[in-house]
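Given next are the chains, with one letter for each unit.
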Amino acid sequence: MAEVKAPPLREFPSPPPLAPGAMDTSRPYVASDKIQTAIGFPGELSDSWEQRAIDHMGALLGKYRSLKVFMDSCVHCGACADKCHYFIGTQDPKNMPVARQELMRSVYRRYFTLPGKFFPRIVGARDLTREVLDEWYTYYNQCSECRRCSVFCPYGIDTAEVTMAAKEILDAVGYGQKYTNEIIGKVHKIGNNLGLPGPALADTLEGLEEDTKEETGVDVRFPLDEKGAEVLLVTPSADFFAEPHVDSLIGYAKVFHAAGVSWTLSSKASEAGNFGLFIGNYEQLRAIALRIREAALELGVKRIIVGECGHAWRVAYSFWNTLVGIGAGGRDPFAVQLQSQLDPSVRQPTHICEYTWSLIQRGALKFDKEANDHRVVTFHDSCNVARASRMGDFPGGQFEIPRAIIRAVANKYVEMAPETTHEKTFCCGGGGGLLTDELLDLRVKGALPRMEALRAVADGQGVNFMATICAICKAQFTKVLPYYGFKMNMVGGVHQLVSTAIRLGTHS
Amino acid sequence: MSAVGIVFALLFYAATVVLVVGLAVRIADYARTPAPLKIPTTPAPVTRGGVALRMAREVVFFESLFKGSVWTWIFGWLFHVCLALVLVRHLRYFTEPVWFWVALVQPLGILAAFGMAAGLAGLLARRIVVERIRYISVPSDYLMLVLLLLIGASGLAMKYVFRTDVVAVKAFFLGLMRFDWQPLPADPMLYIHLLLVAALMIVFPFSKLLHAPGVFFSPSRNQADDPRESRHLAPWAAKLEQR
């Protein structure tokens, strides 16, 4: 691979000129036969794949109203065209959301509409050839499914839905992506994305207890598989040992300690992440979520809390009730079995930020805010939290609650430019199953809009810490910040800040 | 009745059937297809009433488009509002007596015809001038704009230059509706106008004009943000639980 370099920051962020073909060789590794078959997909492209791809597309069009409506409704108005961070960073026109959708829409028209059958050239329809399939693989693996384009679309067309459908079709014909599908295999086999087995996890947690004791002098516990605990914490496995993720895990443990609440992690459900989302496969999404349900039933917990992870929170908040009945309002036996065990007086599942904020509001947590005075903090809204979920009981709580926590534990807080935060936040550049080394060039370029906004507050207001509540954001920024001249440890979790400032010891 | 009149009579029956049946089939298809997952683009309303308001803002004011591109919004909104007024003005050809409120907006309808043309011209110019919009445009995008522009231009031409007997035109359409055919004035400009309108009606259910019904079925806009409070389950997904 050629040397990866960050694109220059734009002085005035405006739509860049087009550079056709700029990213047409950026492709992640293809999943091997072994990886594919381990999760029930064909091992490789074989004869008659075209027909199977079209059949699968037809099946998806019958199962997902989103895909059907989105295929028909686009008028090529271009409102989304300049909204994608990958387009801004790479200038490749096929990274404009409308152009990315068009890779599939052109095929849809050819096989599923009358004008596409009779006048393909006029309506921009084309056959599904090997070249087209390769183009799908290339450019649908340059979408992080962040939904930013859907905010600006007059019909709410969400490119993430199209990308997911494309990945689902690619998987169905044996053309899967290695990074994502390998991880899905691991989560089934070992219980988490990083492949950390139960005994190793127990060791790690013991080590964390010792470290925290050394740091604070207090016996903060990190329990694993403790039946009868009140709370099951499900968190991304990166929290167990990656930097800066682990500092937030220590933060969660300190919050539970200070609140005096019994909690546990689960070796079976030692992963909040659900890469089934990234490949748009309902069965995988459900199978991975079922682990959480089973762990909750086995451990007998009253409450399920989810750690700092963007797409995991989307799946937990928006989909868990649908997939496996973690939530409320279920009347069928499957849902009732779990929902009668969970505490109905609190929202299920709960985000760790909702939990911490409710404790802060009750006055149950005390902080030494000065402990964070060496930091000037800003907050990066993670795409799946911002545009695909909620916290609290009002729309937009997902923006207000993390910020409220930061203000409660740190004195110096600065907002980045409003067109780059809240619902208009830019993806870190590593979401959607793209957090793999062979895509580093794409990831660095995709981070451009966020880096521009960070540069402005770093130079202008002295910001030296960007807090976020997503494991992928943390890993991605740790890697790409240095390309833009920032220190890698500039990124961290909200509960890392909580951890620094929280008072331990006495609780009533 | 002239042969041309008969051809137009049959054409409008056919176009109406294609438009109505085509749209009905499409809408039924959208309505029947399940949305298995909760995917509103958040922040989203948490109640059905809130969703109705969001949809109304989207359909009446093009709220999201305004956030996305102010120029496209100006031209696009101008075109759609003016088109609505022009359509209302044309109701006088299909109602006897003309409804009170239709009579009221007649002068506005003429103004709107110019606004419609201006909006369409703006959208067409944008498609040609802006590099990234040019890149994503296919021939049918231009054809659709040209078709609408020609409909507007031929209509205005009849109003100001090649005047036609509008009383006879009204008699023709009322005749069609009552299955009591009346002659159509033999004016070329009227033929052009009607031909283009019929073409628009026929392509509607097979083209990107489906964005009109589509927006109401868009899950990212029409779902309430309440996944923790109630269990949302598609029929095909529920079957997975019985395995």
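Residues numbered from 1 in each chain as written. Chains lettered and ligands numbered in written order. Predicted model: local features only at pLDDT ≥ 70, side-chain atom pairs only at ≥ 80, totals over all residues.

1. Section: the overall build of chain B
Secondary structure summary: chain B contains 13 helices and zero strands in total. When its C-alpha atoms are laid out on the principal axes, chain B stretches across 65 × 45 × 40 Å. Taken over 243 residues, chain B has a buried fraction of 31%. Looking at chain B alone, contacts between residues at least 24 apart form 73% of all its contacts between residues at least 6 apart. (Helix = DSSP H or I, 4+ residues; strand = E, 2+ residues; numbered from the N terminus. Buried ≥ 20, exposed ≤ 12 C-beta atoms within 10 Å, placed from the backbone. Contact = placed C-beta atoms within 7 Å.)

2. A look at the pairing of strand β3 (residues 303–306) of chain A
Residue and element names in this part refer to chain A. With burial as the criterion, each face of β3 is covered, one bearing Arg303 and Ile305 and the other bearing Ile304 and Val306. Where strand β1 (residues 231–234) lies against β3, four bridges are found, and the strand directions are parallel. Its bridge partner lying in β3, Leu233 is registered against Ile305. The pairing of β3 with strand β4 (residues 350–351) spans two bridges and is classified as parallel. Across the sheet, the residue bridging to Ile305 is Thr350, located in β4. (Pairing = 2+ DSSP bridges.)

3. Some details on the interface of chain B and chain A
Listed as interface residues are 56 residues of chain B and, on the opposing side, 67 residues of chain A. For the side of chain B that touches chain A, the secondary structure elements donating two or more residues are α3 (63–68), α4 (70–90), α7 (131–136), α8 (139–160), α11 (211–214), α12 (219–222) and α13 (235–238) of chain B. At five residues, α7(B) tops the list of elements feeding residues into the side of chain B that touches chain A. Residues that form the side of chain B that touches chain A fall into these classes: 27 nonpolar, 17 polar and twelve charged. (Nonpolar A, V, L, I, M, F, W, Y, C, P; charged D, E, K, R; others polar.)

4. A few points about the sheet that holds strand β6 (residues 465–468) of chain A
Residue and element names in this part refer to chain A. One open sheet accounts for three strands, arranged β5-β6-β7; its pairing is parallel. Of all the strands in the sheet, the pair left with one neighbour each is β5 (377–379) and β7 (491–493). Neighbour to neighbour, the strand axes of the sheet diverge by 40 degrees on average, direction disregarded. The pairing of β5 with β6 spans three bridges and is parallel. Each residue of the ladder has a partner; that of Val377, found in β6, is Phe465. Along the sheet face, helix α22 (residues 471–480) touches β6 and β7 and points at about 160 degrees away from the line of β7. (Axes fitted to C-alpha atoms, helices over the stretch in contact; angles between N-to-C directions.)

5. A few points about the nonpolar core
By size, the foremost hydrophobic cluster in this structure holds 172 residues, and its most contacted members are Leu232(A), Ile406(A) and Leu497(A). Core analysis: the next-biggest nonpolar cluster, separate from the first, contains 15 residues, Ala113(B), Leu120(B), Met144(B) and Ile151(B) among them. (Core = buried A, V, L, I, M, F, W, Y, C linked by C-beta atoms within 7 Å.)

6. What about helix α19 (residues 397–409) of chain A?
End to end, α19(A) covers 18 Å across 13 residues, agreeing with the expected 18 Å (1.5 Å per residue, within 8%). Every buried residue of α19(A) is listed here: Gly397(A), Gln398(A), Phe399(A), Ile401(A), Pro402(A), Arg403(A), Ile405(A), Ile406(A) and Val409(A). (Expected span 1.5 Å × (residues − 1).)

7. Focus on the pairing of β6(A)
Successive side chains on a regular strand alternate, one facing one side of the sheet and the next facing the other. Residue and element names in this part refer to chain A. Residues Phe465 and Ala467 of β6 are buried on one face, and the alternating residues Met466 and Thr468, pointing to the opposite face, are buried as well. Of the strand pairs in this sheet, β6 and β7 are connected by three bridges, and their pairing is parallel. Residue Met466 lies in a different strand from β7, and its bridge partner there is Val491. The parallel pair β6 and β7, bridged by α22, forms a crossover whose chirality is right-handed. (Right-handed = clockwise from strand over helix to strand, strands pointing away.)

8. As for the domain arrangement of chain A
Residue and element names in this part refer to chain A. Each assigned domain of chain A is listed with its residue range as follows: domain 1 (35–176), domain 2 (191–358) and domain 3 (363–501). For domain 1 and domain 2, the distance between their C-alpha centres works out to 34 Å. With seven residues of domain 1 at the interface, the matching set in domain 2 holds five residues. Of the residues contributing to the side of domain 1 that touches domain 2, the split by class is three nonpolar, no polar and four charged. (Domains from an automatic or database assignment.)

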